[in-house]
Amino acid sequence: MRNKIYLGLLVIAFIFQGSFIRVEAKQFDYKSPEFKAVAQQFACTCGCGQDHYECDPNTCNLTTEFKADLVEMMNKGWDKDKIREYYINIYGEEILTSPEKSGFSLTAWVLPFVVLGAAGIAVFFIIRKWVKKKGTDVVVNEYENREDEVEGEILSSMIDEERKKYL
C-alpha cells in the first residue's frame with residue numbers, strides 16, 4: 001500500500017513539475033543592461049568609430065546583424081567572456097573597443113604615457129638650461145642699462161640747460 005502511495009505522489013509530482021519548480025532562462029533584448037555591457041566592448045566595423053551598442057541601426061546594417069547575433073548568443077546562455085573570446089577568435093583584437101591589458105597590448109597602453117613623460121622631462125631640462133644661459137646675459141644687459149641711464153641723465157641735463165637759455 002505504501003508503495004502505491006509513493007508511486008502516486010511521484011506520478012503527480014512528475015505531472016505538475018512545471019508548476020512546482022519553475023526555472024526560466026532569462027530572455028535578453030536590446031535594452032537590457034547585460035546586452036549593453038556586452039555590445040559596448042565591440043567596435044563597429046562600418047567605419048563610424050562607435051561601439052555596436054551606440055552605432056545607429058538605421059544607417060548600418062552590420063550592427064543590426066551583430067546585435068541579433070549577440071542577443072541570440074546571450075539567450076543561449078553564453079556569458080560576456082565567452083562571447084568576447086568567440087569574436088576575438090574570428091576578428092582578432094581589432095574588434096575590441098579597448099585593447100586587452102596584457103602582452104603587446106599592455107605596451108600599447110603604457111608607451112604613450114612613458115613617451116609623454118620623457119618628453120616633458122626633456123623639455124624641463126632644456127628650458128632650465130636656457131634660463132641658466134640667459135642668467136649670464138642679464139648681467140651684461142644690466143651693465144649696458146646703467147650706461148644708458150648715465151647717458152640719459154647727461155642728455156636730459158643738456159636739454160634742461162638749453163631750455164633755461166631760451167626760456
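As a starting point, this report considers the structure included with it. Model, not experiment: these values are computed from the prediction. (Residues numbered from 1 in each chain as written. Predicted model: local features only at pLDDT ≥ 70, side-chain atom pairs only at ≥ 80, totals over all residues. Heavy atoms only, no water.)

Notes on the overall build of the chain
Line of reasoning, step 1. When you go through the chain residue by residue, the secondary structure sums to six helices and zero strands.
Line of reasoning, step 2. Seen in sequence order, the chain has helices and strands lined up from the N terminus as α-α-α-α-α-α.
Line of reasoning, step 3. When burial is assessed residue by residue, the chain has 17% of its 167 residues classed as buried.
Line of reasoning, step 4. Accessible area for the chain stands at about 13,800 Å²; split by element, carbon and sulfur atoms hold 61% of it. (Helix = DSSP H or I, 4+ residues; strand = E, 2+ residues; numbered from the N terminus. Buried < 20%, exposed > 50% of the residue type's maximum accessible area, 1.4 Å probe, protein only. Areas by Shrake-Rupley, 256 points an atom, 1.4 Å probe, with all protein chains shown as cover.)

With respect to the pattern of salt bridges
Should the charged atoms of two oppositely charged side chains come close, the side chains can pair.
Line of reasoning, step 1. Per the stated rule, a full pass over the model turns up three salt bridges.
Line of reasoning, step 2. As a salt-bridge pair, R163 and D160 come within 3.7 Å of each other at their nearest N and O atoms. With R163 and D160 both in helix 6 (residues 104-166) and three residues apart, the pair spans about one turn of that helix.
Line of reasoning, step 3. In this structure, the salt-bridge partner of K165 is E162, at a minimum N-O distance of 3.5 Å. (Salt bridge = Lys/Arg side-chain N within 4 Å of Asp/Glu carboxyl O.)

Section: the packing of aromatic side chains
Line of reasoning, step 1. Inspection of the entire model under this criterion finds seven aromatic pairs.
Line of reasoning, step 2. Between W78 and Y86, the ring centres sit 5.5 Å apart and the planes meet at 75°, which makes this aromatic pair edge-to-face.
Line of reasoning, step 3. Look at W78 and you get partly exposed, because its relative accessible area is 26%.
Line of reasoning, step 4. Note on F124 and F125: the rings are 5.4 Å apart at their centroids and 70° apart in plane angle, and the pair reads as edge-to-face.
Line of reasoning, step 5. For F125, a relative accessible area of 47% corresponds to the partly exposed category.
Line of reasoning, step 6. One aromatic cluster in this structure is built from F42, F66, W78, Y86, Y87 and Y91. (Phe/Tyr/Trp six-rings, centres within 6.5 Å; stacked < 30°, edge-to-face > 60°.)

With respect to the nonpolar core
Line of reasoning, step 1. With 14 residues, the main nonpolar core has F35, V38, F42, L70, I83 and Y87 as its most contacted residues.
Line of reasoning, step 2. Ranked by the residues each element gives to this core, the list is headed by helix 4 (residues 61-76), at five residues.
Line of reasoning, step 3. Ignoring sequence-local partners within four residues, the contact set of F42 consists of D51, H52, F66, L70, I83, R84, Y87, I95, L96 and T97. (Core = buried A, V, L, I, M, F, W, Y, C linked by side-chain atoms within 4.5 Å. Contact = heavy atoms within 4.5 Å.)

Quick notes on helix 5 (residues 80-91)
Line of reasoning, step 1. Across its 12 residues, helix 5 extends 16 Å between first and last C-alpha, which sits within 8% of the 16 Å expected from 1.5 Å per residue.
Line of reasoning, step 2. Here helix 5 has its buried residues at I83, R84, Y87 and I88. One side of helix 5 holds all its buried residues, which, seen down the axis, span an arc of 135°. Turned more than 90 degrees off the buried face of helix 5, the exposed positions are E85 and N89.
Line of reasoning, step 3. Elements in contact with the buried residues of helix 5: helix 3 (33-39) and helix 4.
Line of reasoning, step 4. In the stretch just after helix 5, G92 is the one whose phi turns positive, near 85°. (Expected span 1.5 Å × (residues − 1). Arc of directions from axis to C-beta.)

Some points on a nonpolar patch on the surface
Line of reasoning, step 1. A cluster of nonpolar side chains, contributed by L106, W109, V110, L111, V114 and V115, occupies part of the molecular surface with about 510 Å² of accessible area.
Line of reasoning, step 2. For L111, a relative accessible area of 47% gives the class partly exposed. (Patch = residues over 30% accessible without salt bridge, like charges linked within 9 Å, V, L, I, M, F, W, Y side chains within 5 Å.)

Focus on a negative patch on the surface
Line of reasoning, step 1. A cluster of like negative charges, contributed by E147, D148, E149, E151 and E153, occupies part of the molecular surface.
Line of reasoning, step 2. Positionally, E147 belongs in helix 6. (Lys, Arg positive; Asp, Glu negative; His and termini not counted. Charge placed at Lys NZ, Arg CZ, Asp CG, Glu CD.)

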